[in-house]
Amino acid sequence: MKFLMSEGFYEFVRGPMVWLAFLVFISGSTYRIYKIISGLKKEAVVLPYMSFKYGLRSIAHWATPFGTVNWRRHPVMTTVTFLFHFCLIITPVFLLAHNILLFQSWHIRLWTLPEGLADLMTLIVMLSCVFFLLRRFVAREVRFVTYPSDFFILAIVFLPFFTGFLAYHQLFLPYKALIVLHILCGELMLIAIPFTRLAHMLFSVFTRAYTGSEFGMVRHARDW
Amino acid sequence: MAVAAEKKEVKKIIDLGLEEGAKKLTPEKIEITINNALAAMGGARLDAYVSTCIHCGLCSEACHFYLSHDGDPHFSPVGKVKQTMWEILKNKGRVSPDSVKKIAEIAYTECNLCRRCSMYCPFGIDIAYIISSVRRICHLLGVTPQYLQDTAHSHAATMNQMWLKQDEWIDTLFWQEDDYRREIKNLTIPLDKEGADIMYSVIGPEPKFLAMLIGNAAKIMNVAGIDWTFPSFDGWDNSDMAMFSGDQEIMGRVKRAHFEAAMRLKVKRIVMGECGHAFRSVYDVGNRWFGWKMPPVPVIHAIQFYYELIKEGRIKIVKKFKEPVTLHDPCNVMRGRGLGDMARYVVNAICEDFRDMSPNKEHNYCCAAGGGVINCGPPWKLKRMEGNRVKAEQMKATGARVVITPCHNCHSGIEDIIGYYKLGMHTKFISDILVDAIEVPESMKAKK
């Protein structure tokens, strides 16, 4: 605990460690995308069928809440999924505390979420994680394909929001310790994205666009 | 965690192809074969799919096997991928001969490659591609269902699906020509007519035991005044079970013969009979094997052809079919070619009482026969019936007496379902109804 709260460690996690995390996240993601695309060139029957128009058409349908048959079949899952992903991305980018750090370092001003709203959005992310967790136990078709890695990636996503929430409300642990944990968890998530199935953040637009292209351009059919 | 849910125990099915194939395997052989196969596939697409799948289970309700087994997760698309491809990847190819047998059973008899699940996966993961890759591995391991393998052998040896000899093919065409001349004066089935507008191609089972379909086509072509031809030589059969057994080399040979027949005859386009998998093999798969982005000769399915004929007034509908009908949308021309509206146009034009299914068009439930599953033969029939209760319920709800199935696999598979679930219906091809609905000009009618 003492180490966790030491000035030296704090400086490390909010300084070099942030750079490292972003470096791993960006280079790792770039590498994985590059690897797949260069592999696809060899497979030969994928890339020539990619269509910008039909890829976007498919993405647009699937990125719209209740915009597809399957989204409409699962109203609760759909609502949670969309709220979760929206809050997951928007909250950290437009959070006041993050923007202050950005301003202090680089004098960049970003639009900022009202603090109450950001708090609510954090809660939404955490509750969604609980929902996804329960779903893994309750729904038979999900339980059957659940592996330890599924809990692991869920925890990786949950923790930065959980520790951030605790730090903001100054609960349980000293603020300093919580903020260090929060930063560490955030960095862990960034690092994990390219190397776990959180990589769906990188690949899903491509897989969707490819299927949309095949369905739209070659097969003249809908895929939603 | 990967909890093993309870799978309803069914009587063990013995398939000699799987049993004998697995006996010849050793763990070393399996490991080498699998890893070579994965390397040859390239792996990028598979890697993207496996890395992207978040194990959410949202694909489950797309599958008729899953729905018909009351939500048994073993039958969900992702559940089947788990038991096959994930098993292979997790063990880096080190799986036992018994596991290979189990994997083959799932890949060949519990998935129709109908691609409905890629319309339900939020990421659009092509699960049919993954299962096809598993089949490719099983083929290379020599563990394939006996009946399906026999069909693939037939393709390899005779270039058609039914062990038909060349003279039998030509003789059947003459027989049909002769037969239909009782109705249409001077009806002809042109053979090897170079420069014809259309090469008409059919699947092996048509000359083998559904010859009247060739006669039907001949009547429609003659009445509509189409410049058409059949090849008398190899390439007349557009079907391709090797595509489903995982034997891409044979698949390629068969498709090549088909395209070359069209090129040799210098036709403007190929019109295919009412078959779905054959359309997929010619329009979507075979061309890619040779590096053609799209088929080198334009290809249309019978539904499109009938649509054109009616729309352009080349045939006139004078006697509509009276009994209530419904339409089964075959996966390979719906999700495979988006022909839902054209099929409805044709059916409405020739039938008085059309009652649509729900869900339909791209979302229609599969027949459970396609993807080579019905070709796995009698040992697997009961499993196929139990795996598609949902189709029986869907058809029953229409209240129709006749199910129009513009696809051979669907036609046979649905007739089986109708019998098994005692639905009191019958299947028909579009052409069965169309031939009786069209006007035959007096000048063409044969004297009685």
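Analysis parameters
- Residues numbered from 1 in each chain as written.
- Chains lettered and ligands numbered in written order.
- Predicted model: local features only at pLDDT ≥ 70, side-chain atom pairs only at ≥ 80, totals over all residues.
- Pairing = 2+ DSSP bridges.
- Helix = DSSP H or I, 4+ residues; strand = E, 2+ residues; numbered from the N terminus.
- Axes fitted to C-alpha atoms, helices over the stretch in contact; angles between N-to-C directions.
- Buried ≥ 20, exposed ≤ 12 C-beta atoms within 10 Å, placed from the backbone.
- Left-handed = near helix turned anticlockwise from the far one by under 90°.
- Contact = placed C-beta atoms within 7 Å.
- Nonpolar A, V, L, I, M, F, W, Y, C, P; charged D, E, K, R; others polar.
- Domains from an automatic or database assignment.

Undergrad: So what's going on with the sheet that holds strand β6 (residues 402-404) of chain B? Residues and values would help.
TA: Residues and elements named next belong to chain B. Taking strand neighbours across the sheet as the criterion, the three strands line up as β5-β6-β7 in an open arrangement whose pairing is parallel. Of all strands in the sheet, those with a lone pairing partner are β5 (325-327) and β7 (426-428), marking the two edges. Sheet twist, expressed as the mean angle between neighbouring strand axes with direction ignored, is 30°.

Undergrad: Account for unusual backbone geometry, with residues named and values stated.
TA: The linkage connecting B:S358 with the following residue, B:P359, adopts the cis geometry, with an omega of -5°. Tracing the sequence through the fold places B:P359 in the loop between α17 (340-350) and α18 (381-386). A positive phi angle, near 60°, is found at A:F66, a position not held by glycine. The residue A:F66 is located in the loop between α4 (52-62) and α5 (69-73) in this model. The class for A:F66 is partly exposed, based on 13 C-beta atoms found within 10 Å. In this model, B:N186 sits at a positive phi of 55°, which is unusual for a non-glycine residue. Along the chain, B:N186 falls in the loop between α9 (166-180) and β1 (198-201). For B:N186, a count of 9 C-beta atoms within 10 Å gives the class exposed.

Undergrad: Outline the pairing of strand β3 (residues 269-272) of chain B, supporting the account with residue identities and numerical values.
TA: Residues and elements named next belong to chain B. In terms of strand pairing, β1 meets β3 through four bridges, oriented parallel. The partner of S201 across the bridge, within β3, is M272. As defined by bridge partners, β3 adjoins strand β4 (residues 299-301) across three bridges and the pair is classed as parallel. Pairing of M272 across the sheet is with H301, part of β4.

Undergrad: Give me the lowdown on the packing of α4(A) against helix α12 (residues 200-218) of chain A, citing residues and values where you can.
TA: All names here are of chain A. Look at α4 against α12: their axes get within 7 Å of each other, and the N-to-C directions meet at 115°. Seen along the crossing, α4 lies across α12 with a hand that is right-handed. Residues Y54, G55, R57, S58, I59 and W62 of α4 form the contact with α12, whose own contacting residues are V205, R208, A209, T211, G212, S213, G216 and M217. In the contact of α4 with α12, the residues fall into six nonpolar, six polar and two charged.

Undergrad: So what's going on with the domain arrangement of chain B? Which residues, and what values?
TA: Residue and element names in this part refer to chain B. Here the domain parsing of chain B yields domain 1 (16-144), domain 2 (157-314) and domain 3 (325-437). Taking only C-alpha atoms into account, the centre of domain 1 sits 26 Å from that of domain 3. Taken together, the contact pairs 15 residues of domain 1 with 19 residues of domain 3. Among the secondary structure elements, those contributing two or more residues to the side of domain 1 that touches domain 3 are α4 (64-68) and α6 (97-109). The element that contributes the greatest number of residues to the side of domain 1 that touches domain 3 is α4, accounting for four residues.

Undergrad: I'd love a proper account of the interface of chain B and chain A, names of residues and values included.
TA: Listed as interface residues are 44 residues of chain B and, on the opposing side, 43 residues of chain A. Elements supplying a minimum of two residues to the side of chain B that touches chain A: α3 (44-52), α5 (77-90) and α14 (276-289) of chain B. Taken together, the residues that form the side of chain B that touches chain A break down as 18 nonpolar, 15 polar and eleven charged.

Undergrad: Describe the sheet that holds β3(B), naming the residues involved and giving the relevant values.
TA: All names here are of chain B. With parallel pairing, four strands are arranged side by side in an open sheet as β2-β1-β3-β4. The sheet is open, and its two edges are formed by β2 (228-229) and β4, each paired on a single side. Bridge analysis of β1 against β2 gives two bridges, and the strand direction is parallel. Within β2, the position partnered with M199 by the bridge is T229. The strands touched by helix α15 (residues 302-311) are β3 and β4; relative to β4, the strand with the most contacts, the crossing angle is about 80°.

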